[in-house]
Structures are given as C-alpha cells and as structure tokens.
There are 2 protein chains.
Amino acid sequence: MATPAPAPQARRPGGRSARIRAAVHRAVEELVAESGPDAVTVPAVAERAGVHATTIYRRWNSAPELLAAVAVSRLTGDVVVPDTGSLRGDLRQWARDVAADLGDPDALALLRTVAGAATERGAANACLQDRRQQLEAMLERDRERGEEPPALDPLLEGLLGPIYFRALLDAAPMAPARAEAVVDELLARTA
Amino acid sequence: MATPAPAPQARRPGGRSARIRAAVHRAVEELVAESGPDAVTVPAVAERAGVHATTIYRRWNSAPELLAAVAVSRLTGDVVVPDTGSLRGDLRQWARDVAADLGDPDALALLRTVAGAATERGAANACLQDRRQQLEAMLERDRERGEEPPALDPLLEGLLGPIYFRALLDAAPMAPARAEAVVDELLARTA
C-alpha cells in the first residue's frame, strides 16, 4: 500500500495537523492488521507515518492511548447516523453499516484489539458510548415523530450483541442482510 | 493464592496426569488474569505450576495451543447443560450460568484473550462450537417433548450475543437476572 509522503513544511497548520493525524491513524491500522496490537509502538508508528516520534508523544501521550484513539475513531466514526424517516429504516441501515464495516479486516482487527485488551478498557467503553449515542439519536427522532420506540439498552445489546458476537467469535462476520433481519426480529418482539 | 505442591512422584499415573493438568491450567489462568496473555510462556507456566517445561511441550506443543486449550476448557467446560423439563427453564438456567461465569475476572480475562487474538482463531471457534452443541442438546430435548423450538443460530446469537457484548465492551458483565430476561424476550418473539 503506498503511503503518501508527509508534508511537514505545509503552510496551513490545520491542513498539516489533519494530514499528520491521517498518516498516523493509517500507520496504526496497518500495524494492527499486519502484526497485531503489540506492534503498535511509537517508534514503529512514527517511522511508518513519516513523522517524528515527539509529534506522536505530544499529541497522543503513549502507544496505548494512540491505539485507543484510532480504534474509537475507526470503529464508530465511519458510521453516519441514518435518517430514513422511520425507526425500522434507520436501524436497518445502521445495522447493515456496522456489519459491513466489520467485514473490513482492518476494522475487525481493531475491534478484536479493543475487546481483547484486559487493562485498557477505555477504548471499549468509548466505542460502546459512541454507539449508544448513535442509537439514542435514532430513538429520539422516532419520539419526535410521535412514536413510542423500544427502550435503548435492550435494543443496543439485542442488535449489536449478535453482530459483535459473530465478528469476535465466529470465522466470518455477520452478513449485512442478516443484520437487517435481526432488526426486524427485534422490532417484531417489541411492537 | 497458595498453589498446591505438585506431586511428581505420585504412584497412580492417571492421578498424576490429572494433577499436572490442573496445576498447569491454574497457572495459565493466573498469569492471564495478572498480566495478560503475553505472560503465558512455557517457562513461566512451568515455574508457576511446578512442572518441567518439557512436560508442557510434550502435552500442549506450544504456549498458544496451551492457552487455547485452557480458554476453551474454562469458558465452556464449566457449564453443565441444564435439564429442567422445559426449553424456557433450560435456557434461563444456561443464560444465568454463562453470565454468572463471566462475572469471574479470570474467566473474563480468558474470554478477552480468545476474542482478541487476531491470529489464533481456533480457540474462539472452539468455544463457539461448544456453546452451539450445548444449545443444540437443549433444543433436541425440546423436540423430543413434541415441541417446535426456535432455530438454533438466531437463538445462539440472540442469547449469547448480548451477554458477550456486555462482557467484552462494557465496564461490567451482564447481571444473571438480565440474562434470564433476554431469554424471555427471545422466546416471546419466536413463540
């Protein structure tokens, strides 16, 4: 995979900062996918991203904190909260997106890192809270439409539980079509 | 924690073999709980269990294979398939047992190890297959009673998904009473 050359002399500080972030995030994702989370050391990331190690320490403090930031960003930041006009439509789209995203080996490697870390529980919790907020936004919109949506937590674990269960324990992640069916089963139950 | 002294001179070979297995499994569980899966090396396990490293190599081949064997044994071997006379009763007891077992920090550390291992997927898959067989046994008994139980896979992921999701991503594992409620919700849906 070709890595774009870093531009440490760039004139716009915002642009440079964003480019460093992108290069560092990409380097972390590649290292995790290739060799697992233990390969994520600040020197290794610095070398691959083409930035100084001090830049990484200044911005992310340590390798575990960097890894957590990348995992949360990659695992929850890519999914946009859908707005289809109905709760069923929103949840179906969301479940499809979550399942499809875990079909990407890099995202799956990060989820395994987050779920497997015995000591660094912060990233796992941050991912969970991000997902919770996304679901809460969809439920809130449903309430604004005058509906009475199901309760948040059973829906969160009933929907993401099966998807993450397959991703973490099975040989292959859940197919997006099956994720949509899980939504239908959950809504039929609470209707 | 006091570790019973190994008895390498014991007279009954079966008893000695069982004692070695128990001491080695205990040593692995302790090392994972204390320092994570990377701490499980054959020399470290041998020292803590009070056995020769060659004994471990002969029986388990390598540290990753030993870790996988201990994880599968600990995560699925402790749960006895319930036989309460009804599918609902069986599933409630099973879900309670699974959730309660993950309240033990040692078992939780092993589940995180299994779910987090990017390369050694064998243990994750073995755990899943063991659970699948346990559930299949309960469904088969229900069919023998003349009932028409729900399909295996949606029930497996609908029941274990939420429990494992909480254990792997949340700050605290699911309470056994909530696990029972998940069973009721699933059965209400498929009834």
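Residues numbered from 1 in each chain as written. Chains lettered and ligands numbered in written order. Predicted model: local features only at pLDDT ≥ 70, side-chain atom pairs only at ≥ 80, totals over all residues. Heavy atoms only, no water.

Draft legend 1. Representation of empty space enclosed by the protein in the model. All names here are of chain B. Scanning the entire structure with this criterion turns up two cavities of 30 Å³ or more. Within this model, the second largest cavity holds a volume of roughly 40 Å³. Looking at the second largest cavity, the residues that line it are Leu 75, Val 98, Asp 101, Leu 102, Leu 111, Arg 131 and Tyr 164. Taken together, the residues of the lining of the second largest cavity break down into five nonpolar, no polar and two charged. (1 Å grid on protein atoms, 1.4 Å probe; cavity = no way out; pocket = protein on both sides within 12 Å on 5 of 7 lines; lining within 4 Å. Points joined across faces, edges and corners; volume = space filled by probe spheres on them. Nonpolar A, V, L, I, M, F, W, Y, C, P; charged D, E, K, R; others polar.)

Draft legend 2. Here's a closer look at the interface of chain A and chain B. Opposite the 33 residues of chain A that make contact, chain B presents 33 residues. For the pairing of chain A and chain B, the buried interface totals around 2900 Å² over both sides, and the portion due to carbon and sulfur atoms is 57%. Among the salt bridges present, the one from B:Arg178 reaches A:Glu157, with a minimum N-O distance of 2.8 Å. The interface formed by chain A and chain B holds six residue pairs in polar contact (both at pLDDT 80 or more) in total. Those elements that place two or more of their residues in the side of chain A that touches chain B are helix 6 (105–116), helix 7 (122–144), helix 8 (152–169) and helix 9 (176–190) of chain A. Here the side of chain A that touches chain B is built from residues that sort into 19 nonpolar, four polar and 10 charged. (Contact = heavy atoms within 4.5 Å. Buried area = accessible area lost by both parts, 1.4 Å probe. Salt bridge = Lys/Arg side-chain N within 4 Å of Asp/Glu carboxyl O. Polar contact = N/O pair within 3.5 Å; in protein donor to acceptor, adjacent residues only side chain to side chain. Helix = DSSP H or I, 4+ residues; strand = E, 2+ residues; numbered from the N terminus.)

Draft legend 3. How the structure looks around the relation of the copies chain A and chain B. Turning chain A through 180° and shifting it by 0.0 Å along the axis lays it on chain B, with an RMSD of 0.0 Å. Given the turn and translation reported, the copies of this chain are related as if by a two-fold rotation axis. Both copies contact each other with a shared surface, as 100% of the interface residues of chain A are interface residues in chain B too. (Least-squares fit on C-alpha atoms with pLDDT ≥ 70 in both.)

Draft legend 4. Structural context of the nonpolar core. In this structure, A:Leu91, B:Leu91 and B:Trp94 are the most contacted members of the largest nonpolar core, which totals 123 residues. Among residues more than four places away in sequence, those in contact with B:Leu91 are B:Leu135, B:Met138, B:Leu155, B:Leu159, B:Val183 and B:Leu187. (Core = buried A, V, L, I, M, F, W, Y, C linked by side-chain atoms within 4.5 Å. Buried < 20%, exposed > 50% of the residue type's maximum accessible area, 1.4 Å probe, protein only.)

Draft legend 5. Main features of the pattern of salt bridges. Residue and element names in this part refer to chain A. Tallying each qualifying case throughout the model produces 38 salt bridges over all chains. Two residues, Asp 83 and Arg 141, come together in a salt bridge whose shortest N-O distance is 3.3 Å. With Asp 83 in the loop between helix 4 (63–76) and helix 5 (87–101) and Arg 141 in helix 7, this residue pair connects regions lying 58 residues apart in the sequence. Residue classification places Asp 83 among the exposed residues on the basis of a relative accessible area of 55%. By relative accessible area, Arg 141 is classed as partly exposed at 22%. One salt bridge connects Asp 184 with Arg 88, and the closest N-O pair in it is separated by 2.8 Å.

Draft legend 6. Seen up close, the side chain of A:Glu29. Assignment of secondary structure puts A:Glu29 in helix 1 (residues 13–35). With near-sequence residues (within four places) excluded, A:Glu29 lies in contact with A:Val70, A:Arg74, A:Asp106 and A:Leu110.

Draft legend 7. View of the packing of helix 7 of chain A against helix 8 (residues 152–169) of chain B. Where helix 7 of chain A meets helix 8 of chain B, the axes come as close as 8 Å, and the angle between the chain directions of the two elements is 130°. Between helix 7 of chain A and helix 8 of chain B, the interaxial angle falls into the category oblique. Here A:Ala124, A:Asn125 and A:Leu128 of helix 7 of chain A lie close against helix 8 of chain B, whose contacting residues are B:Phe165, B:Arg166, B:Leu168 and B:Leu169. (Axes fitted to C-alpha atoms, helices over the stretch in contact; angles between N-to-C directions. Parallel < 35°, antiparallel > 145°, perpendicular 65-115°, else oblique.)

Draft legend 8. Focus on the packing of aromatic side chains. This model, assessed by the stated rule, comprises two aromatic pairs over all chains. Centre to centre, the rings of A:Tyr164 and B:Phe165 are 5.5 Å apart; their planes meet at 70°, and the pair counts as edge-to-face. Taken as a pair, A:Tyr164 in helix 8 and B:Phe165 in helix 8 lie in two separate chains rather than in one. In terms of burial, A:Tyr164 and B:Phe165 fall into one category: buried. (Phe/Tyr/Trp six-rings, centres within 6.5 Å; stacked < 30°, edge-to-face > 60°.)

Draft legend 9. Quick peek at unusual backbone geometry. With a phi angle near 75°, A:Asn61 is a residue other than glycine that sits in the positive phi range. Tracing the chain through its elements places A:Asn61 in the loop between helix 3 (53–60) and helix 4.

Draft legend 10. Representation of the environment of A:Ser17. Within the secondary structure, A:Ser17 is located in helix 1. For the pair A:Ser17 and A:Arg88, spaced 71 residues apart in the sequence, the C-alpha separation amounts to 39 Å.

Draft legend 11. View of the confidence of the model for chain A. Residues and elements named next belong to chain A. Taken residue by residue, chain A gives an average pLDDT of 86. The fraction at 70 or more is 88%. Within chain A, helix 6 has the poorest average pLDDT of any element, 85, and helix 2 (residues 42–49) the best, 96. Taken as a whole, residues 6–11 scores under 50 in pLDDT and shows seven contacts with residues more than four places along the chain or in a different chain. At the level of chain-chain contacts, confidence expressed as ipTM amounts to 0.81, with global pTM at 0.83. (pLDDT = per-residue confidence, 0-100.)

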